[in-house]
Amino acid sequence: MISTKMEGALNKQIELESYASNLYLAMAAWCDQQGLAGCTQFMRRQSDEERDHMLRIVDYLFTVDGKAIIPALQKPPTTFKSVQSMFELVYNHEQKVTKSIFKLLELSDLEKDYSAENFLQWYVEEQREEEELMRNILDKLKLIGSGARSLYYIDLELEKINQEQLAAAAAEPGA
Ligand code: OFO
């Protein structure tokens with residue numbers, strides 16, 4: 001049986017993951033308007049991943065007799081200054097999510113909720129990977145530089161990353 005405190009904290013995380021899914025989908029829509037097919041597909045997939053992160057928590061709450069509260073949709077921004085600033089926003093958001101996961105782990109420790117602690121380990125690894133990915137993208141964007149022509153190369157790069165991720169996902173056991 002889950003404590004009310006832990007249940008509330010996991011429901012807050014559901015909100016954060018759900019917002020991330022919306023935010024990344026709004027970014028995909030913006031990228032599409034800019035004619036950036038690679039960035040569009042990349043953000044579209046990130047959005048799906050965030051929804052999966054949200055659903056994992058919902059499912060976990062089902063298994064521990066907790067109540068999952070599905071949050072209202074918060075409208076994300078619809079325009080972004082540039083592709084660079086969009087990815088900075090993604091990186092910042094991922095850092096915020098990581099902090100929130102660490103807080104949940106602290107709480108699970110405090111409450112001696114070893115089931116939650118075990119469940120949350122998956123998110124620790126996921127956040128490490130996501131932060132690394134976004135940092136690498138930002139480094140590449142810096143190397144490519146800004147300006148109209150650079151957008152073409154940025155988009156190609158994102159298309160490449162997207163393909164690599166799809167291949168890695170397909171190679172996973174059980175895929
Ligand atoms: Fe679910 O926030 Fe990162 O991946």
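Refer to the structure printed above.
So, here's what we can say about the structure. Predicted model, so just to flag it, every value in this text is computed and none were measured.

What to know about helix 3 (residues 83-110)
Compared with an ideal rise of 1.5 Å per residue, which puts 28 residues at 40 Å, helix 3 spans 41 Å between its outermost C-alpha atoms and is within 8% of the ideal. Phi for Lys 112, located one or two positions after helix 3, is positive at around 55°.

Let's talk about the pattern of salt bridges
Scanning the model with the defined rule gives six salt bridges in all. In this structure, Glu 125 and Arg 128 form a salt bridge, with 2.7 Å as the shortest nitrogen-oxygen distance. Placement of the pair is Glu 125 and Arg 128 together in helix 4 (residues 114-144), with a separation of three residues, close to one helical turn. Residue classification places Glu 125 among the partly exposed positions, given a relative accessible area of 36%. Put simply, Lys 140, Glu 157 and Lys 160 are held in one network by salt bridges that share partners.

A word on the nonpolar core
Membership of the largest hydrophobic core comes to 26 residues, with the highest contact counts inside it found for Phe 42, Met 43, Phe 87 and Ile 137. Listing elements by their share of this core, those giving two or more residues are helix 1 (4-33), helix 2 (37-63), helix 3, helix 4 and helix 5 (148-171). The dominant element in this core, judged by the number of residues it contributes, is helix 1, at eight residues. With 21 residues, the next largest nonpolar core counts Met 6, Leu 10, Val 64 and Leu 120 among its residues.

Re the environment of Leu 36
Note that Leu 36 resides in the loop between helix 1 and helix 2. A relative accessible area of 6% places Leu 36 in the buried class. Leu 36 sits 116 residues away from Tyr 152 along the chain, and the two C-alpha atoms are 7.9 Å apart. Look past the residues within four positions of Leu 36 in its chain and what remains in contact with it is Cys 31, Val 83, Leu 151 and Asp 155.

Some remarks on the side chain of Glu 131
Among the structural elements, Glu 131 can be located in helix 4. Here Glu 131 falls in the buried class, since its relative accessible area comes to 14%. A polar side-chain atom of Glu 131 sits 2.6 Å from a polar atom in the side chain of Thr 98.

Re the packing of aromatic side chains
The relation between two aromatic rings is expressed through the spacing of the ring centres and the mutual angle of the planes. On inspection of all chains with the given rule, the structure shows six aromatic pairs. Seen from their ring centres, Phe 42 and Phe 87 are 6.0 Å apart, and the 50° between their planes marks the pair as tilted. In this pair, Phe 42 sits in helix 2 while Phe 87 sits in helix 3, placing the two residues 45 residues apart along the sequence. Ring geometry for Tyr 60 versus Phe 119: centroids 4.2 Å apart, planes at 10°, classification stacked. Note that Tyr 60 is positioned in helix 2 and Phe 119 in helix 4, a separation of 59 residues in sequence. No difference in accessibility class separates Tyr 60 from Phe 119, as the two residues are buried. Chaining the aromatic ring pairs together yields one cluster made of Tyr 60, Phe 119, Trp 122 and Tyr 123.

Rules used throughout
- Residues numbered from 1 in each chain as written.
- Predicted model: local features only at pLDDT ≥ 70, side-chain atom pairs only at ≥ 80, totals over all residues.
- Heavy atoms only, no water.
- Helix = DSSP H or I, 4+ residues; strand = E, 2+ residues; numbered from the N terminus.
- Expected span 1.5 Å × (residues − 1).
- Salt bridge = Lys/Arg side-chain N within 4 Å of Asp/Glu carboxyl O.
- Buried < 20%, exposed > 50% of the residue type's maximum accessible area, 1.4 Å probe, protein only.
- Core = buried A, V, L, I, M, F, W, Y, C linked by side-chain atoms within 4.5 Å.
- Contact = heavy atoms within 4.5 Å.
- Polar contact = N/O pair within 3.5 Å; in protein donor to acceptor, adjacent residues only side chain to side chain.
- Phe/Tyr/Trp six-rings, centres within 6.5 Å; stacked < 30°, edge-to-face > 60°.

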